[in-house]
Amino acid sequence: MFSKKNIVLVISGGVAAYKAAIFARLLIKMDANVKVVMTSAATEFITAKTMAVLTNQPVLTDLFAEKTGESIDHITLADWADYFFVVPATANIIAKIANGVADDAASTVLAARHSPLIVVPAMNENMYLQPAIQRNLKQIKDDGDIVIDPVDGLLAEGYTGKGRLPEPNEILAYSELALYQKNGQLKGRHVVISAGGTVEAIDPVRYISNRSSGKMGYALARAAVEQGADVTLISATSQLPDPVGVRTIHIQSAQELSEQMFTALPHADVIIMAAAVSDYRMAQTAQNKIKKQDSGELNLTLVENPDILAQLGSAKTGQYLVGFAAETQNLMTYAQNKLKKKNADMLIANDVSKDQVGFGYDTNQVTILTKDKEPEMLPLQSKITLAREIMKKISIAINGQVEK
Ligand SMILES: Cc1cc2nc3c(=O)[nH]c(=O)nc-3n(C[C@H](O)[C@H](O)[C@H](O)COP(=O)(O)O)c2cc1C
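Residues numbered from 1 in each chain as written. Predicted model: local features only at pLDDT ≥ 70, side-chain atom pairs only at ≥ 80, totals over all residues. Heavy atoms only, no water.

**Concerning the UniProt feature "binding site: CTP" (unreviewed entry) in the chain**
For step 1, the next point in the chain: In the numbering used here, UniProt assigns the feature "binding site: CTP" (unreviewed entry) to Asp279, Lys289, Pro306, Asp307, Ile308, Leu309, Phe324, Lys338 and Lys342. Taking the farthest pair of C-alpha atoms as the criterion, the annotated set spanning 64 residues is dispersed, since that pair is 37.7 Å apart.
For step 2, the next point in the chain: In this structure, Pro306 sits in the loop between strand S15 (302–304) and helix H11 (308–315).
For step 3, the next point in the chain: With residues up to four places along the chain from it excluded, the contact list for Pro306 reads Gln255, Ser258, Arg281 and Gln311.
For step 4, the next point in the chain: Looking at the element boundaries, Ile308 is found in helix H11.
For step 5, the next point in the chain: Ignoring anything within four residues of it in the chain, the contact list for Ile308 reads Ala254, Leu257, Ser258, Met261, Met273 and Val277. (UniProt positions renumbered as here; feature names shortened; annotations may be inferred. Helix = DSSP H or I, 4+ residues; strand = E, 2+ residues; numbered from the N terminus. Contact = heavy atoms within 4.5 Å.)

Have a look at this one:
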């Protein structure tokens, strides 16, 4: 999101100012162009020289400094920026932003901005909780800018409290998410997604499962959060960390998945079944570890699991239902049948016999089938890019907009 973008980083005078140097490095590593503006108080904590060397750019600290070949004008800088960050944001600069005060270089550049602003406060907890400061933060949010909440942790004063600056990589992650959510099409909607491969116990140590990594379902959860949705992810086995901003429920078997999906159904607007559900489970799970058989063979009796997609298809009351079909042959015929038979609104079909497609890969190539349109084949792409495209199509379908 920030690659090749122009970013003005405003540093104000708090103890966490040193973290702004690491934050600037992170942005530069992402291939962003970074220019820094510092308040006079900020230069008490970290030098302008440090920031100039790190960014390889002149740093603006004084509105009235004599012009040199290197100096930058506050309006030129405000026009140049695609994004503004204030890291860390003191109570003082927060008050200035909230009230349009422009009495030094930093606040004047911010007053002249016309691109998105992300404010990251850091201060003592008592300052942070001060009604006037909370009022100013609310004002900034009401004006359409982004405020990233400070985190709980050890403060400079030696005790723990809320007010600590998030780590630079967290600031980046939260900002990206907040910027996506600003234009989200699924605000106020509840999206429920299943992901990963279910696990059916054979005995206390062995199980039946499949090669699903959960990557597609987790990418869909991320894409749904980016659209501003309230997201529940019901995850079978997956090695992935719980996605930020998502309520993640961990389950094992198809039966547990079914229970969770049906608990979520009445409150859902969209249901996406991206989990790879075992078709069969043990008729009876062995209480103890099964011993090696003298006969040289072992027969397991399996019984069919519930067809969760079909059951959701018959039980749904207006929810938009999305299913996946991972096949190794006759993909389109099977997918068309599945769409109808399961009463799904959208079916995402992928041929998992192809290279770089489906289970375990970071990429996927799918064809999207809906009831009323011709199948649409999408190109091979990363799972997150694909998830964003799918989520856009779902929001268009449920919001009733025309696809451009
Ligand atoms: C040692 C020290 C640490 C400070 N840390 C913070 C801080 O973390 N957050 C904050 O809002 N103000 C902090 N202040 C107060 C600000 O530096 C002060 O309000 C200043 O006027 C802010 O100016 P600026 O917003 O122009 O940078 C600190 C002051 C001192 C002396």
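**Here we look at the sheet that holds strand S1 (residues 6–11)**
For step 1, the next point in the chain: Strand order in the open sheet formed by five strands is S2-S1-S3-S4-S5, with parallel pairing between adjacent strands. Edge positions in the open sheet fall to strand S2 (33–38) and strand S5 (146–147), since each of these has one partner strand only.
For step 2, the next point in the chain: Bridge count for S1 against strand S3 (residues 83–89) is four bridges, and the pairing is parallel. Bridge assignment links Val10 to a residue of S3, and that residue is Val86.
For step 3, the next point in the chain: Packing of helix H4 (residues 91–99) onto the sheet brings it into contact with S1, S3 and strand S4 (117–121), and relative to S3 it is tilted by some 145°.
For step 4, the next point in the chain: Relative to S3, helix H8 (residues 168–182) is tilted by about 135°, and along the sheet it contacts S3, S4 and S5. (Pairing = 2+ DSSP bridges. Axes fitted to C-alpha atoms, helices over the stretch in contact; angles between N-to-C directions.)

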